[in-house]
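As a plain string of letters, each chain reads:
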Amino acid sequence: MPNGALPDTRSLAERARIALERCGTTGLPEAVGAPGRARTPITGQDLFPLEFATPVEAENAVAAAHAAFTSTWRDTPAPERGRLVHRLGELLREHKADLAELVTIEAGKIRSEALGEVQEMIDICDFAVGLSRQLYGRTMPSERPGHRLMETWHPLGVVGVITAFNFPVAVWSWNTCVALVCGDTVVWKPSETTSLTALGCHGLLMRAAADVGAPADVHRVVLGGADIGRTLVDDPRVALVSATGSTAMGRAVAPRVAARMGRYLLELGGNNAAVVTPSADVDLVVRGSVFAAAGTAGQRCTTLRRLIVHEDVVEEVTERIVNAYEQLGGRVGDPFEEDTLVGPLVSERGYEAMRAALERARADGGRVLVGGERRLEKDAAEAFYVEPAVVRMPGQAEVVREETFAPILYVMTYRTLEEAVELHNGVPQGLSSAIFTQDQAEAERFLSSAGSDCGIVNVNIGTSGAEIGGAFGGEKDTGGGRESGSDSWKAYMRRATNTVNYGGELPLAQGVRFL
Ligand code: NAD
């Protein structure tokens, strides 16, 4: 059990400084009154002041990244570009613990999840290095004699990467490692709540660039809030805006980028569900659901928020999950402690959203079966620790259809698989989904075009914890983007279709005659 004592803010600030220095980031401002700040959700207090960028500085960063793109990077052979990402991967292996330290201090993730997030960065480095020799275009048979028809993939330009607080380093690496091997340069606007992790990543990448002789301006980081994000969104030199965050953010970003005919890739909110059928292995359901629903204190885009359980097994499944949550309740606390499973919410906003959602759920006939209470309030009045909650709902009320970024698991029942799929798909978001069943036909129906409408559809595992090898992203209000593995790299490049005439005649396509 966690011993309950939280570390003091000063020692956390010192640990953050040391981890940053080890990553190669120096020169943190000492000045009191700088416009930005670094904060830790572990105590809820400020660590130290930080220099945030001005819009002009953000524009200058775009100009520098654009110059690096046109002068060097786009013409550097892709396998050569892969050397930069390979070196980054080596440095990440060396500094895995340092970066994980920053993730825990700034995002409140428990140690093993923070280490797992850095491992994900290492994995995407490996993937991107392989990709640097596999940016394949196709060759198609031409309908014209003496002609060759093919496609070539070219770098796009500057990629503006805007990220959320809850995966402060992995999402950056999905975008940046792939963009860099594709020949793009990157300007990163991290969440205003996780600036230190961004400085740590940037420090490591700059070391890698120096080691392999790549231009430093292949990557710039601009700290700040939505106003700095908007600078990237509106700049025509930013060829692709890859933005991760809430659906509200995506709704603000998409039309602005579209208005200037730019490209965007959106990774937005989820409201993920698992269907539990009568044949499900209940042990798997419990383990899969508890990690997916309460891991990262319910602050993953893929967090399990809805459990749709067949009425024949709902009592057993609910009882087992409630038992597991009762044990979890004793393991809420300092994310650095080995026994802790649930760290703090990142902000008061998350806590208020959870409280309000539980109240609305009760008003809609929901019963809170376990959890929902605030913890450690006396130890740290400005920090927000909560017991993950399970709520039995009579139906899919409006509050269940919304993403509340906190650990609430709503349990509902169904009678037929059609009804379950309807409930499942009856929300605006479409990120991740799962079915627990031993019945192959049921699993296939859920995986089919008439089944789950999400971008991620799993069988007998929870909704969270995706691997980097697959394309990651979702439909509907989740934004439609795909990042990370598979052929997601295509979003970071432009395709040219080439027809080469080597025949000496000039036959026109479709048999057209002219002159
Ligand atoms: P948020 O929307 O508050 O902020 C995300 C980022 O967008 C931040 O960097 C913020 O400064 C920036 N931003 C906000 N408004 C902007 C604007 N108008 N123009 C430009 N930039 C703007 O999200 P958050 O609270 O940091 O993160 C939680 C949300 O992110 C949840 O909804 C979660 O589901 C989602 N998320 C989605 C994925 C995914 O891959 N689908 C991954 C992680 C998080």
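Everything numeric here is computed off the predicted structure, so don't read it as measured data.

Caption draft 1: Structural context of the sheet that holds strand β18 (residues 432-436). Here we have 7 strands laid out as an open sheet, ordered β12-β15-β16-β11-β10-β18-β19, and mixed in their pairing. Each edge of the open sheet is held by one strand with a lone partner, namely β12 (367-370) and β19 (456-459). Adjacent strand axes in the sheet meet at a mean angle of 25 degrees, parallel and antiparallel pairs treated alike. In this sheet, strand β16 (residues 408-414) lies alongside strand β15 (residues 389-392) in parallel orientation, the contact comprising 4 bridges. Bridge pairing links Ala389 to Ile408 in β16.

Caption draft 2: Just the packing of aromatic side chains, in detail. Inspection of every chain in the model, using the stated rule, returns 5 aromatic pairs. Ring centres 5.8 Å apart and planes at 90 degrees place the aromatic pair Phe165 and Phe405 in the edge-to-face group. Within this pair, whereas Phe165 is found in the loop between β5 (158-162) and α6 (170-181), its partner Phe405 is found in the loop between α13 (398-401) and β16, the two being separated by 240 residues in sequence. The class for Phe405 is partly exposed, based on a relative accessible area of 22%. A ring pair is formed by Tyr351 and Phe384, whose centres lie 5.5 Å apart and whose planes are at 25 degrees; its orientation type is stacked. Of this pair, Tyr351 sits in helix α12 (residues 348-363) while Phe384 is found in the loop between β13 (374-375) and β14 (385-386), placing the two residues 33 residues apart along the sequence. Its guanidinium or amino end placed over the ring of Phe48, Arg17 lies 4.6 Å from that ring's centre, counting from NZ or CZ.

Caption draft 3: Quick peek at helix α1 (residues 9-23). Given a rise of 1.5 Å per residue, 15 residues ought to cover 21 Å, and the 21 Å separating the end C-alpha atoms of α1 matches this to within 8%. When α1 is considered as a whole, its buried residues turn out to be Thr9, Leu12, Ala13, Ala16, Arg17, Ala19, Leu20 and Cys23. Turning to α1, the residues buried within the fold contact β1 (36-40), β2 (45-50), α4 (96-107) and α7 (195-212). Positive phi shows up at Gly24, right after α1, with a value of about 105 degrees.

Caption draft 4: A look at the nonpolar core. Ranked by internal contacts, the top residues of the largest apolar core, which has 137 residues, are Leu99, Leu307 and Tyr325. Looking at this core, the element that brings in the most residues is α6, giving 9 residues. Mapping this core onto the domain boundaries places at least three of its residues in each of domain 1 (54-268 + 479-495) and domain 2 (272-467). In this structure Leu307 touches Ala274, Val276, Ser289, Val317, Ile321, Leu409, Tyr410, Val411 and Met412, once residues within four positions along its chain are discounted. If you look at the next biggest cluster of nonpolar residues, it comprises 20 residues, including Ala53, Ala61, Leu232 and Val233.

Caption draft 5: Here's a closer look at the UniProt feature "active site" (unreviewed entry) in the protein chain. Residues annotated in UniProt with the feature "active site" (unreviewed entry) correspond here to Glu267. Relative to the elements of secondary structure, Glu267 occurs in strand β9 (residues 263-267). We classify Glu267 as buried; its relative accessible area is 4%. Among residues more than four places away in sequence, those in contact with Glu267 are Ala243, Thr244, Gly245, Phe472, Gly473, Gly474, Thr478, Gly481, Arg482 and Glu483.

Caption draft 6: Structural context of the site of the ligand. The environment of the ligand is formed by 29 residues, the closest being Lys189, Glu192, Ser246, Leu268 and Glu403. Thr163 has a polar backbone atom sitting 2.8 Å from an oxygen atom of the ligand. Taking 850 Å² as the accessible area of the ligand by itself, protein coverage stands at 91%. Of all the secondary-structure elements, those providing two or more residues to the shell around the ligand are α8 (226-234) and α9 (247-259). Of the residues in the shell around the ligand, the class split is 13 nonpolar, 10 polar and 6 charged. Among the domains, domain 1 (54-268 + 479-495) and domain 2 (272-467) are the pair contributing at least three residues each to the shell around the ligand.

Caption draft 7: Representation of a nonpolar patch on the surface in the model. Together, Leu506, Leu508, Val512, Phe514 and Leu515 line one region of the surface with nonpolar side chains, adding up to about 670 Å² of accessible area. Topologically, Leu506 is positioned in the segment after β23 (493-501).

Caption draft 8: Region of interest: the sheet that holds β23. Strands sit in the order β3-β4-β23 across an open sheet of 3 strands; the sheet is antiparallel. In this open sheet, the two edge strands, each paired with only one partner strand, are β3 (139-140) and β23. With 9 bridges connecting them, strand β4 (residues 147-155) and β23 associate as antiparallel partners. Bridging across to β23, Thr152 finds its partner in Ala496.

Caption draft 9: View of the packing of α1 against α7. Following both chains from N to C, one finds α1 and α7 inclined at 20 degrees, their axes separated by 8 Å at the closest point. It follows that α1 is roughly parallel to α7 by the angle criterion. Classified by chirality, the crossing of α7 by α1 is left-handed. Facing α1, whose interface residues are Ala16, Leu20, Arg22 and Cys23, α7 presents Leu196, Leu199, Gly200, Gly203, Leu204 and Arg207.

Caption draft 10: Quick peek at the pairing of β16. When you tally the buried positions in β16, you get 6 out of 7 residues, the bulk of the element. As paired elements, strand β11 (residues 304-310) and β16 share 5 bridges and run parallel to each other. Note that in β16 the partner of Ile308 across the bridge is Met412.

Caption draft 11: Local environment of the confidence of the model for the protein chain. On average, residues of the protein chain carry a pLDDT of 96, and 98% of them reach 70 or more. Among the prediction metrics, the complex's ipTM stands at 0.98, with pTM recorded as 0.97.

Caption draft 12: Representation of the UniProt feature "domain: Aldehyde dehydrogenase" (unreviewed entry) in the protein chain. Mapped onto this numbering, the UniProt entry gives "domain: Aldehyde dehydrogenase" (unreviewed entry) at residues 39-495. A helix fraction of 40% and a strand fraction of 21% characterise residues 39-495, whose end C-alpha atoms lie 43 Å from each other.

Caption draft 13: Structural view of the environment of Leu304. Examined against the element boundaries, Leu304 turns out to sit in strand β11. Once the C-alpha coordinates of Leu304 and Gly288 are considered, the two residues, 16 residues apart in sequence, prove to be 9.4 Å apart. Apart from residues lying up to four places away in sequence, Leu304 is in contact with Asn272, Ala273, Ala274, Ser289, Ala292, Ala293, Ile408, Leu409 and Thr463.

Rules used throughout
In this convention, every chain numbers its residues from 1, walking through the sequence in written order. Only residues with pLDDT of at least 70 get local features here, since the model is predicted, and only at 80 or more are side-chain atom pairs given and counted; chain-wide, interface and lining totals rely on the full set of residues. For side-chain calculations, the full set of non-hydrogen atoms in the structure is used, while hydrogens and water are omitted. When DSSP finds at least two bridges between two strands, those strands are taken to pair. We count a stretch as a helix when DSSP gives it H or I for four or more residues in a row; a strand needs E for two or more, and each element gets its number in order from the N terminus. Each axis is a line fitted through C-alpha atoms, and for a helix only the stretch in contact is used; angles between axes span 0 to 180 degrees, taken between their N-to-C directions. Between the rings of Phe, Tyr and Trp (Trp by its six-membered ring), a pair exists once the centres lie within 6.5 Å; its type follows the angle of the planes, with under 30 degrees stacked, over 60 edge-to-face, and the other angles tilted. Under the scheme applied here, a residue whose accessible area is under 20% of the maximum for its type counts as buried, over 50% as exposed, and between as partly exposed, the area being computed with a 1.4 Å probe on protein chains only. Charges are assigned to positions over rings by a cutoff of 6 Å between ring centre and Lys NZ or Arg CZ, combined with an angular limit of 35 degrees from the ring normal. By definition here, a helix of n residues has an expected span of 1.5 Å times n minus one. Here a residue-residue contact requires only that any non-hydrogen atoms of the pair lie within 4.5 Å. The term nonpolar core refers to a set of buried residues drawn from Ala, Val, Leu, Ile, Met, Phe, Trp, Tyr and Cys, joined through side-chain atoms within 4.5 Å. How far each domain reaches was decided by an automatic or database domain assignment. UniProt positions are given in the numbering used here, feature names are shortened, and annotations may be inferred rather than shown by experiment. Whether a residue is near a molecule or strand depends on its heavy atoms: it is near if one of them lies within 4 Å of it. Under this definition, polar contacts are N or O atom pairs within 3.5 Å; protein pairs additionally need one hydrogen-donor-capable and one acceptor-capable atom, and for neighbouring residues in sequence, both atoms have to be side-chain atoms. What sets the accessible areas is the Shrake-Rupley method with a 1.4 Å probe; for residues, cover comes only from the shown protein chains. Each residue is assigned to one of three groups, with Ala, Val, Leu, Ile, Met, Phe, Trp, Tyr, Cys and Pro labelled nonpolar, Asp, Glu, Lys and Arg labelled charged, and all others, Gly among them, labelled polar. Patch construction takes residues with relative accessible area above 30% that form no salt bridge. Like charges are linked within 9 Å, and nonpolar side chains (Val, Leu, Ile, Met, Phe, Trp, Tyr) are linked within 5 Å. What counts as a salt bridge is simple: a side-chain nitrogen of Lys or Arg found within 4 Å of a carboxyl oxygen of Asp or Glu. Here the word oblique covers every angle except those under 35 degrees (roughly parallel), over 145 (roughly antiparallel) and from 65 to 115 (roughly perpendicular). Two helices that cross are described as forming a left-handed crossing if the nearer one is turned anticlockwise from the farther one by less than a right angle, and a right-handed crossing if clockwise. Along the chain, pLDDT gives the predictor's confidence residue by residue, from 0 to 100.

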